[in-house]
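These are the residues of each chain, in order.
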Amino acid sequence: MSKNGFLVVISGPSGGGKGTVVRRVREMMPALALSVSATTRLPRTGEEDGREYYFLDRDAFEEMVAREEMLEYTTYCGNYYGTPKKEAQRILASGKNMILEIEVDGAAQVKRLYPNAVSIMLIPPTIEEMRQRLLGRGTEPIETVEKRLERAAEEIQLASGYDYVVINQRDGIEACATQICEIIHAEGARAFRMADEIEAFLL
Ligand code: 5GP
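Residues numbered from 1 in each chain as written. Predicted model: local features only at pLDDT ≥ 70, side-chain atom pairs only at ≥ 80, totals over all residues. Heavy atoms only, no water.

Student: Please clarify how the site of the ligand should be interpreted in this entry.
Tutor: Among the 17 residues in the neighbourhood of the ligand, the closest are listed as S37, R41, Y53, Y81 and E103. Here an oxygen atom of the ligand and a backbone polar atom of G82 are 3.0 Å apart. Relative to its unbound accessible surface of 510 Å², the ligand loses 96% to contact with the protein. Only β5 (70-76) and β6 (79-84) provide two or more residues apiece to the shell around the ligand. A breakdown of the residues in the shell around the ligand according to their chemical character gives four nonpolar, six polar and seven charged. Counting the residues that make up the shell around the ligand, at least three belong to each of domain 1 (1-32 + 97-203) and domain 2 (36-95). (Near = heavy atom within 4 Å. Polar contact = N/O pair within 3.5 Å; in protein donor to acceptor, adjacent residues only side chain to side chain. Areas by Shrake-Rupley, 256 points an atom, 1.4 Å probe, with all protein chains shown as cover. Helix = DSSP H or I, 4+ residues; strand = E, 2+ residues; numbered from the N terminus. Nonpolar A, V, L, I, M, F, W, Y, C, P; charged D, E, K, R; others polar. Domains from an automatic or database assignment.)

Student: Where do I start with the sheet that holds strand β4 (residues 53-55) in this structure?
Tutor: Read across the sheet, four strands follow the order β4-β3-β6-β5 without closing on themselves; strand pairing throughout is mixed. Two strands close off the open sheet at either side, each with one partner strand: β4 and β5. Put simply, the sheet's adjacent strands are angled 25 degrees from each other on average, direction ignored. As paired elements, strand β3 (residues 37-39) and β6 share two bridges and run antiparallel to each other. In the strand pairing of β6, T39 is matched with Y81. (Pairing = 2+ DSSP bridges. Axes fitted to C-alpha atoms, helices over the stretch in contact; angles between N-to-C directions.)

Student: Where do I start with the pairing of strand β8 (residues 118-123) in this structure?
Tutor: Looking down a regular strand, the side chains alternate between one sheet face and the other. With six of six residues buried, β8 lies mostly within the body of the structure. The alternating pattern of β8 places V118, I120 and L122 on one face and S119, M121 and I123 on the opposite face, and all of these are buried. Here strand β1 (residues 7-11) pairs with β8 via four bridges, running parallel. Residue pairing for β8: S11 is matched across the bridge by M121. As judged from the four bridges shared by β8 and strand β9 (residues 164-167), these two strands associate in the parallel manner. Across the sheet, I120 pairs through a bridge with Y164, a residue of β9. (Buried < 20%, exposed > 50% of the residue type's maximum accessible area, 1.4 Å probe, protein only.)

Student: I would appreciate a short explanation of the environment of C176 in the present structure.
Tutor: Its place among the elements puts C176 in helix α7 (residues 173-188). Distance in space between the C-alpha atoms of C176 and I142 is 28 Å, their sequence separation being 34 residues. With sequence-adjacent residues up to four places away left out, C176 is seen in contact with V21, L122, V166, I167 and N168. (Contact = heavy atoms within 4.5 Å.)

Student: Is there a simple way to think about helix α6 (residues 142-157) in this case?
Tutor: Residues separated by three or four positions in an α-helix point in the same direction, a consequence of the helix having 3.6 residues per turn. For α6, built from 16 residues, the straight-helix expectation of 22 Å at 1.5 Å per residue is met to within 8% by its first-to-last C-alpha distance of 23 Å. Taken as a whole, α6 has its buried residues at V145, R148, L149, R151, A152 and E155. (Expected span 1.5 Å × (residues − 1).)

Student: I would appreciate a short explanation of the nonpolar core in the present structure.
Tutor: Across soluble globular proteins, you tend to see nonpolar side chains buried next to one another. One finds I10, V25, I120, I180 and I184 to be the most contacted residues of the largest nonpolar core, which totals 19 residues. Mapped by element, the contributors of at least two residues to this core are β1, α1 (18-28), β8 and α7. Sorting elements by how many residues they give to this core places α7 first, with six residues. Among residues more than four places away in sequence, those in contact with I180 are I10, V21, V25, I120, L122 and V166. Judged by nonpolar contacts, the second largest core, of 18 residues, contains A88, I91, A107 and I123. (Core = buried A, V, L, I, M, F, W, Y, C linked by side-chain atoms within 4.5 Å.)

Student: Can you walk me through the domain arrangement of the protein chain in this structure?
Tutor: A common way to express how large an interface is: the accessible area buried when the components associate. Domain boundaries in the protein chain define domain 1 (1-32 + 97-203) and domain 2 (36-95). For domain 1 versus domain 2, the separation of C-alpha centres amounts to 18 Å. Tallying the contact residues gives 25 residues for domain 1 and 19 residues for domain 2. In total, about 1,800 Å² of surface goes out of reach between domain 1 and domain 2, with carbon and sulfur atoms giving 58% of it. When the area that domain 1 buries against domain 2 is broken down by residue, the three leading residues are M98, Y114 and R148, summing to 26%. In this structure, the connection of domain 1 to domain 2 is made through zero salt bridges. Inspection of the region where domain 1 meets domain 2 yields three residue pairs in polar contact (both at pLDDT 80 or more). Among the secondary structure elements, those contributing two or more residues to the side of domain 1 that touches domain 2 are β7 (98-101), α4 (104-113) and α6. Top element by residues in the side of domain 1 that touches domain 2 is α4. It accounts for five residues. (Buried area = accessible area lost by both parts, 1.4 Å probe. Salt bridge = Lys/Arg side-chain N within 4 Å of Asp/Glu carboxyl O.)

Right, here's the structure in full:
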């Protein structure tokens, strides 16, 4: 029997460059699985159902919640977002680690359920930089950008409750992804996760 993998929760404000960094981390660590969340928000241009998200209507999402099929879920800027439970449990049981890219409320729920999950808050270097990135994306109307900026400031206040805080410098994706990989490697070597290997040496 292989031992269970662990969850790596990455949070950070919208416009923090999270998506790009997480993609790079997965290229660097191909064995790391990525959880595909469910959401009720509309797909952005280029997003595909089942790849970036499972795009559901509110009824379908609420049904999943009622059937207790979500590991965690929350409302963010007027839409539901949640992590489907089944896939996460299957991956962890197979011994793989899994990355969840979720906001702060969901991250807190995961920590309660899985106290050994590793939480990382990814923040942009400055608030101005974050505004520029959000505006630059050009995929959201200005009111949505303002709402996301407000929420972002609230989220960063919670950074001290995370296990790690990583700053995503402009043009620093490579360094940032490397730092996250180092954290994951180090976490994998924590003594409590190596209990089976240690026990094998008992005489
Ligand atoms: P976006 O609409 O920009 O894709 O995501 C908005 C926010 O929802 C981001 O902070 C993202 O990390 C978060 N998010 C995405 N999936 C989930 C999820 O399954 N659960 C929770 N709690 N947050 C999520």
